[in-house]
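# Notes for the structure review
The lines below spell out each chain.
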Amino acid sequence: MRSILARSRWFRQAVREEVSSGPAGRLGRVSDNGIPETPGSPFRHERTARDEAPQFVLPLVVHIEKADPPARTDALETAARAVLTMLCDERSLGEGEWAGAVRLWQDARIRKVVRRARGAEWRKASALPGITVTGNAGNAEAARSAAEVRVFPPVPLDGWPKELAKLQVSGTDLDDPEPPAPAAAGGAVLWLSPDLDMSAGKAMAQAGHGAQLAWWELSEVERKAWQAAGFPLAVRTSEAGRWRELTASGLPVVRDAGFTEIAPGSCTVVADHPALRGAPRP
């Protein structure tokens, strides 16, 4: 069965090599349980068989009110947790109502698009089928609301619901009132490249990619443990001197396909989960 296959040494090492190899990667079809099955990386920037499949996108909408925007890091972390929440939701698995769309999305390019909403726009978006994930309420101490990100089941690239299609992609520029605290020791960290200047919306999508790659590599037991804990994770920008070490560490690396903002093949995120560190596991 697939859960056993995912835990085999050969399969797990192969997945690690492919997701961290970017343009040379060969990840392909993903099963109902989110396990890569056949060749064809979703993050290659060269044209592959994935480009011949119907193209879907995972919509994420971040709640940004002019007078009370969330902190940037809180928004990035909340977006990553929203992607994980969608992947493990029972509606996305097996015969669930979203499962068909999720499979089509994962068979093609793994696209995520972040749009912003406020006021009535946010209320209309919240009425559509999806999941709202709330961030760190501790940001209230810095006069910032906790981030709110709503993730929706995948939609065709040119078939967005009208309530979402009219929302703006631009205007997601956010900042941190204070530098984020160091990531907790021993916890999951999505490391952002120090060499790239990405808007908050772009960085949210990339953090979501990194979280998804980490999820694909974990065993069923490890996934359940992470989910039960509420998907604790941190998003931090790597120090320049450590970035090369991270990208060569064997941890999953996101290399962007270059659809927006940055050059194709750019390394954007390294997904560092405690269970993925050290020697390959059986």
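As a reminder, the structure under discussion sits directly above these lines.
Note that the structure is predicted; figures quoted are calculated from it, not measured.

Reading guide: rules and limits
Residues numbered from 1 in each chain as written. Predicted model: local features only at pLDDT ≥ 70, side-chain atom pairs only at ≥ 80, totals over all residues. Heavy atoms only, no water. Helix = DSSP H or I, 4+ residues; strand = E, 2+ residues; numbered from the N terminus. Contact = heavy atoms within 4.5 Å. Areas by Shrake-Rupley, 256 points an atom, 1.4 Å probe, with all protein chains shown as cover. Buried < 20%, exposed > 50% of the residue type's maximum accessible area, 1.4 Å probe, protein only. Arc of directions from axis to C-beta. Pairing = 2+ DSSP bridges. Core = buried A, V, L, I, M, F, W, Y, C linked by side-chain atoms within 4.5 Å. Phe/Tyr/Trp six-rings, centres within 6.5 Å; stacked < 30°, edge-to-face > 60°.

## Some details on the overall build of the protein
Each helix and strand counted, the protein has 9 helices and 9 strands in total. The long-range fraction of contacts in the protein, counting pairs at least 24 apart against all pairs at least 6 apart in sequence, stands at 76%. Entry remark: accessible area of the protein is about 12,400 Å², with carbon and sulfur atoms responsible for 53%.

## Considering helix α4 (residues 99-107)
The set of residues buried in α4 consists of Ala99, Val102, Trp105 and Gln106. Buried residues of α4, seen end-on, are gathered within an arc of 125° and therefore sit on one face of the element.

## Let's talk about the pairing of strand β1 (residues 56-63)
The element β1 is largely enclosed, with a buried count of 8 among its 8 residues. Burial of β1 is two-sided: the residues Phe56, Leu58, Leu60 and Val62 facing one way and the residues Val57, Pro59, Val61 and His63 facing the other way are all buried. By the bridge criterion, 2 bridges tie β1 to strand β5 (residues 155-156) in an arrangement that is antiparallel. Each residue of the ladder has a partner; that of Phe56, found in β5, is Pro156. As defined by bridge partners, β1 adjoins strand β2 (residues 111-117) across 7 bridges and the pair is classed as parallel. Among the inter-strand pairings, Val61 is bridged to a residue of β2, identified as Arg115. As paired strands, β1 and strand β4 (residues 148-151) are joined by 3 bridges and run antiparallel to one another. Following the sheet pairing, Val62 is matched in β4 by Val149.

## Describing the nonpolar core
Judged by nonpolar contacts, the single largest core of 58 residues is most densely connected at Leu60, Leu190, Met204, Trp215, Trp226 and Leu233. When neighbours within four sequence positions are excluded, Leu233 is seen to be in contact with Glu77, Ala80, Arg81, Leu84, Ala188, Leu190 and Trp226. Listed in part, the 11 residues of the second largest apolar core include Ala117, Ala125, Leu164 and Leu167.

## Re the packing of aromatic side chains
In the structure shown here, the tally under the stated rule is 3 aromatic pairs. Ring centres of Trp215 and Phe231 lie 5.7 Å apart, and the angle between their planes is 75°; this geometry places the pair in the edge-to-face category. Placement of the pair is Trp215 in helix α7 (residues 200-217) and Phe231 in the loop between α8 (220-228) and β7 (234-237), with a sequence separation of 16 residues. Phe231 matches Trp215 in its accessibility class, with the two residues each being buried.

## Some thoughts on the pairing of strand β9 (residues 267-272)
Most of β9 is tucked away: 6 of the 6 residues are buried. In this sheet, β9 lies alongside strand β6 (residues 189-192) in antiparallel orientation, the contact comprising 4 bridges. Looking at β9, one finds that Leu192 is bridged to Val269.

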